[in-house]
Amino acid sequence: MSNYPEAWMFADLALCCEKRYHWNLDECMGSSTDAASAGSGNWYPDWEKSVCVQDCVGASPCGGLAHNWDPQYPSAAACCDSKLNWVTDCNTKSTS
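## Quick word on the state of the cysteines
Logical step 1: Inspection of the entire model under this criterion finds three disulfides.
Logical step 2: Each disulfide pairs two cysteine sulfurs, and for Cys 52 the partner residue is Cys 79, the sulfurs being separated by 2.1 Å. What sets the handedness of the Cys 52 and Cys 79 disulfide is the S-S torsion sign, and at about -85° it is left-handed. In this pair, Cys 52 sits in strand β2 (residues 51–54) while Cys 79 sits in helix α4 (residues 76–83), placing the two residues 27 residues apart along the sequence. Residues Cys 52 and Cys 79 agree in their burial class; the two are buried.
Logical step 3: The disulfide bridge from Cys 56 ends at Cys 62, spanning 1.9 Å between sulfur atoms. In this structure the cystine formed by Cys 56 and Cys 62 twists about its S-S bond by roughly -100°; its chirality is therefore left-handed. Judged on exposure class, the residue Cys 56 and its partner Cys 62 are both buried.

Right, dumping it as structure tokens:
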């Protein structure tokens, strides 16, 4: 980056966001709504931990904000049944 700053540095935030983060412009610009920042409360699979986590920020069962490619479900049980059905006690592990 420091060898070729013209490729990475921009005069302002809007130019940077438009060039490098056009797929998520609102979040890059810092204009996402509080509701979006808080998450939906739906459940999505955490593939590394083999549990379902909630789309929210905070202590467990929150797993952080879900990405737009994460499948989301209204409950941990629905998430476990659909995406982690081979995990023994997925629902219990997800909600504890």
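After that view of the structure, there is still more to cover.
## Brief notes about unusual backbone geometry
Logical step 1: Cis rather than trans, the peptide bond between Ser 60 and Pro 61 has omega equal to 20°.
Logical step 2: Note on placement: Pro 61 falls in the loop between β2 and α4.
Logical step 3: Despite not being glycine, Ser 50 has its phi angle at roughly 55°, a positive value.
Logical step 4: You can see Ser 50 is positioned in the loop between β1 (43–46) and β2.
Logical step 5: Look at Asp 89: it is not a glycine, yet its phi comes out positive at around 60°.

## What about α4?
Logical step 1: Inspection of α4 places Ala 76, Cys 79 and Cys 80 among the buried residues, and these make up the whole buried set. Taken end-on, α4 shows its buried residues confined to a sector of 95°, consistent with a single buried face.
Logical step 2: Residues of α4 that are buried in the fold lie against β1, β2 and α5 (90–95).

## Focus on the pairing of β2
Logical step 1: Alternating residues of β2 divide into Val 51 and Val 53 and Cys 52 and Gln 54, and every residue in both groups is buried.
Logical step 2: Note that β1 and β2 share four bridges and pair antiparallel. Bridged to Trp 43 within β2 is Gln 54.
Logical step 3: Connecting β1 to the next strand, β2, in antiparallel fashion are four residues, including Ser 50 with a positive phi near 55°.

## A few points about the environment of Asp 55
Logical step 1: Mapped onto the secondary structure, Asp 55 falls in the loop between β2 and α4.
Logical step 2: Classification of Asp 55 by relative accessible area gives buried; the value is 6%.
Logical step 3: Sequence-wise, Asp 55 and Tyr 73 are 18 residues apart; in three dimensions their C-alpha atoms are separated by 9.8 Å.
Logical step 4: In this structure, Asp 55 is in contact with Ala 38, Gly 39, Ser 40, Gly 41, Asn 42, Tyr 44, Gly 64, Leu 65, Ala 66 and Gln 72, ignoring residues within four places of it in sequence.
Logical step 5: Among the polar contacts made by the side chain of Asp 55, one reaches the side chain of Ser 40 at a distance of 2.7 Å.

Conventions we followed
- Residues numbered from 1 in each chain as written.
- Predicted model: local features only at pLDDT ≥ 70, side-chain atom pairs only at ≥ 80, totals over all residues.
- Heavy atoms only, no water.
- Disulfide = S-S within 2.5 Å.
- Helix = DSSP H or I, 4+ residues; strand = E, 2+ residues; numbered from the N terminus.
- Buried < 20%, exposed > 50% of the residue type's maximum accessible area, 1.4 Å probe, protein only.
- Arc of directions from axis to C-beta.
- Contact = heavy atoms within 4.5 Å.
- Pairing = 2+ DSSP bridges.
- Polar contact = N/O pair within 3.5 Å; in protein donor to acceptor, adjacent residues only side chain to side chain.

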